[in-house]
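# Structural characterization, general
What follows is each chain in one-letter form.
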Amino acid sequence: MGPPVFRFAPSPNGHLHLGHAYSALLNFQRARETGGRLLLRIEDIDATRCRPEFEAAIYEDLAWLGIEWETPVRRQSEHLADYRAALDKLSALGLVYPAFESRAEIARLVAARQGDGPWPRDPDGAPLYPGDAKSLSASERDRLIASGAPYALRLDMAAACRRADGLAWNELGEGPGGACGVVPARPEAWGDVILARKETPTSYHLSVVVDDALQGVSEIVRGQDLFHATSVHRLLQVLLGLPEPAYRHHRLICDGEGRKLSKSSGSTGLRALRAAGTTPAGIRQQVGLG
Ligand code: GLU
């Protein structure tokens, strides 16, 4: 076995803030203390929101913080064929189906069925997809696709879970509520997740799992906001026959009102802090690593 491999995987859809700094610094620190490698991955599959100037700013901000990473950097938009191959594998298992409803249509379907009590929601609070498109006939699917209708490719979660008994992961950090050690995975809480769209052959869940395996990442250090997503990631790893990394979810850095930072939170952005005279040591202190 080689040295442990870590990665920091930002999306270039805004400037990095204190929360990113904490995550990147923890990854760097773990790599240093274990004699491991630190990779940087640019998660830019969402072409509508990602910008080259944000990517350039990521390199500049991380270097300013004193973080060192290996090159070349993997940029997801350059590897769509890898994700398509994984999607094809899941399709060949009969686990993927096209769903044509827009978000508004899903909301309408859910509202119409809410009579018997609240409709189940995923860990991020979105209503679960009601699964209507699963029962479309093959000819109806073909007709809709041929008509040029937009669609999402969804994972048939019930069928997928039947292929992956006793799913769990090794949590080295801490989930919400203090979960650690061997954590049982509950991918069914997410329902039929989207794996790809008509115009994008991948999704966050699919590409993160494919890349972590291709890059040999052995310990995933990331924020607690992705703790529950780990259930889906473990499921995809098992379905695709990929190795199991360890996970270390870390606390989130919040603003003065206790809210999670967002890319638009100007005053906690690394650039704004730097412009106001904060030093890299000051950033470390602010995130509790000083
Ligand atoms: N690209 C994701 C983000 O910026 C992080 C993905 C991950 O660490 O798994 O939130």
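Heads up: the structure comes first, above all this text.
Residues numbered from 1 in each chain as written. Predicted model: local features only at pLDDT ≥ 70, side-chain atom pairs only at ≥ 80, totals over all residues. Heavy atoms only, no water.

### Brief notes about helix α3 (residues 80–92)
Convention followed: Secondary structure counts use DSSP, requiring at least four H or I residues in a row for a helix and at least two E residues in a row for a strand, with both numbered from the N terminus. Multiplying 1.5 Å by the residue count of a helix minus one yields the expected span of that helix. The classification of residues rests on relative accessible area computed with a 1.4 Å probe and restricted to protein chains. Under 20% of the type maximum is buried, over 50% is exposed, and intermediate values are partly exposed. The arc in question is traced by the directions running from the helix axis to the C-beta atoms. In what follows, a contact means two residues having at least one pair of non-hydrogen atoms within 4.5 Å.
In a regular helix each residue adds 1.5 Å, so 13 residues correspond to 18 Å; α3 covers 18 Å between its end C-alpha atoms and thus fits that length. Of all the positions in α3, only Y83, A86, L87 and L90 are classed as buried. What you see down the axis of α3 is that its buried residues fit within an arc of 100 degrees, all on one side. The outward face of α3, more than 90 degrees from its buried face, is lined by the exposed residues A81 and A92. Elements that come into contact with the buried residues of α3 comprise β3 (74–75), β4 (96–99), β5 (152–155), β8 (194–197), α7 (204–214) and α8 (229–240). Just past α3, the residue G94 takes up positive phi, approximately 75 degrees.

### Remarks on the packing of aromatic side chains
Basically, it comes down to this: A pair of aromatic rings is counted whenever rings of Phe, Tyr or Trp (Trp by its six-membered ring) have centres within 6.5 Å, and the orientation is called stacked for planes under 30 degrees apart, edge-to-face for over 60 and tilted otherwise. For a ring to carry a charge above it, either NZ of a lysine or CZ of an arginine must fall within 6 Å of the ring centroid while also lying within 35 degrees of the normal to the ring plane.
Throughout the structure, instances matching the rule amount to 5 aromatic pairs. Both rings, one in Y59 and one in W69, keep their centres 6.3 Å apart while their planes meet at 25 degrees; by these two values the pair is stacked. A residue pair is termed long-range when its members are at least 10 positions apart, and Y59 in helix α2 (residues 52–65) and W69 in the loop between α2 and β3 qualify at 10 residues. Residue Y59 is classed as partly exposed on the basis of its relative accessible area, which comes to 24%. Here the aromatic rings of W169 and F227 are separated by 5.1 Å at their centres, their planes lie at 70 degrees, and the arrangement is edge-to-face. Here W169, found in strand β6 (residues 168–171), pairs with F227, found in the loop between β9 (219–223) and α8; they are 58 residues apart in sequence, far enough to count as distant. By relative accessible area, which is 4% here, F227 ends up buried. Taken together, the aromatic side chains of W169, F227 and Y247 make up a single cluster linked through ring pairs. The ring of W64 has R274 lying over it, and the distance from NZ or CZ to the ring centre is 5.0 Å.

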